[in-house]
Amino acid sequence: MDNANDIREFLTTRRARITPDQAGLPVFGHRQRRVPGLRREEVALLAGMSTEYYVRLERGNAKGVSEAVLEGISQALRLDDAERTHLYDLVRTANQGAPQRRRGPARPQQVRPGVQRMIDAMTALPTIVQNERLDLIASNQLGRAFYSEMYVQPQRPPNFGRFLFLDPRSRDFYRDWDDAARQTVALLRSAAGRAPYDRALSDLVGELSTRSNDFRTLWAVHDVRLHHSGAKNVHHPVVGDLDLTFEGLAVASDQGLSVIAYTAEPGSPSHDSLQLLATWAATDQAPRHQAHDDTHF
């Protein structure tokens, strides 16, 4: 990851989407503007700083940038919560620099037994645990059945990015594949802002950029998002269409891990289909939940 380039591209793409009218700036004359969105000097004016200072920041030089400056830029560019957090992450990295590299290979990531017991007890809800690279670290029985298509591929742990961009099954599984792809890349871009020196994340981004034109195009957009809640609309190969909502909760004792639980509206067709999926999951036809094997990496 190139921190200076990430800062430059992120700020450039954010100001390109805001017109002077949207920002409340007067436009004099009818001369055609050379740039989409706001000019650098207009962002500086709205943020309450000199043009030279803003230009220095947009070029990737974020050393010593204060919180007041970041707040001014966030307001000028109308950043949402995810974008504001991402800007702070990029600037924090610029000021901290690269950490010392650990020697030897990273240890396989796994959940504590107590976390596994907790999600196993949520028998009526498909529930998984994922990390910031979107590796599927653990699941309960119904969660494994819900994402059975991801377990077809031999790589462990299964990864949402690889599934979406490298496995053709994903285009049948996600009923709005384009939206799922945008959200997945935005989550990985956010993770890269928080952990730019994560070797496994860099390798994943490099692999997907090399093998998928769709991923490469979306990665260049620099969109980011938070993963607290939302909708999941899929076509499951066993029970058909499912319209679910999810809630994500951070595992307080395991930094970077989140528990994601999916629910269906009571009495809805998706609720009935989820019960049918639970029955299928309990049979020998479903992928088996192996608590100490391929779900724990």
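Before going into details, it helps to say that this report is about the structure given with it.

Quick word on unusual backbone geometry
Geometrically, the link from Arg156 to Pro157 is a cis peptide bond, its omega value of 0° lying close to zero. By secondary structure assignment, the location of Pro157 is in the loop between helix H8 (141-146) and helix H9 (160-166). Notably, Arg78 is not glycine yet its phi reads approximately 55°, a positive angle. Its identity is not glycine, yet His222 carries a phi of approximately 65°, on the positive side.

Side note on the nonpolar core
Phe146, Tyr147 and Tyr174 are the most contacted members of the largest nonpolar core, which totals 41 residues. Elements with a minimum of two residues in this core: H8, H9, helix H11 (177-194), helix H12 (199-211), helix H13 (213-219), strand S4 (240-250), strand S5 (258-263) and helix H14 (269-281). Element by element, the count of residues in this core is highest for H11, at eight residues. In this structure, Phe146 is in contact with Pro126, Phe173, Lys232, Val234, His236, Leu242, Leu244, Tyr262 and Leu277, ignoring residues within four places of it in sequence. Of all hydrophobic cores here, the second largest spans 28 residues; its members include Leu38, Ala47, Val69 and Leu79.

With respect to the sheet that holds S4
Two pairing modes exist for strands in a sheet, parallel and antiparallel, and in both the strands are linked by backbone hydrogen bonds. Reading across from one edge, S2-S1-S5-S4-S3 is the order of the five strands in this open sheet, with antiparallel pairing throughout. The strands lining the two open edges of the sheet, one partner per strand, are strand S2 (136-139) and strand S3 (229-236). The average undirected angle you get between the axes of adjacent strands in this sheet is 30°. Both S3 and S4 contribute to a ladder of eight bridges, which runs antiparallel. When the bridges of S4 are listed, Asn233 appears paired with Asp243. Those strands touched by helix H7 (residues 113-120) are strand S1 (127-130), S2 and S5, and its axis lies near 60° from that of S2. Packing against the sheet, H14 makes contact with S3 and S4, and its axis sits at approximately 85° to S4.

Thoughts on the layout of surface pockets
The calculated volume of the second largest pocket comes to roughly 380 Å³. Breaking the lining of the second largest pocket down by element, the ones donating at least two residues are H11, S4 and S5. The element best represented in the lining of the second largest pocket is H11, accounting for four residues.

Quick notes on the rules
- Residues numbered from 1 in each chain as written.
- Predicted model: local features only at pLDDT ≥ 70, side-chain atom pairs only at ≥ 80, totals over all residues.
- Heavy atoms only, no water.
- Helix = DSSP H or I, 4+ residues; strand = E, 2+ residues; numbered from the N terminus.
- Core = buried A, V, L, I, M, F, W, Y, C linked by side-chain atoms within 4.5 Å.
- Buried < 20%, exposed > 50% of the residue type's maximum accessible area, 1.4 Å probe, protein only.
- Contact = heavy atoms within 4.5 Å.
- Pairing = 2+ DSSP bridges.
- Axes fitted to C-alpha atoms, helices over the stretch in contact; angles between N-to-C directions.
- 1 Å grid on protein atoms, 1.4 Å probe; cavity = no way out; pocket = protein on both sides within 12 Å on 5 of 7 lines; lining within 4 Å.
- Points joined across faces, edges and corners; volume = space filled by probe spheres on them.

The quantities given are spatial measurements derived from coordinates; they are silent on function.
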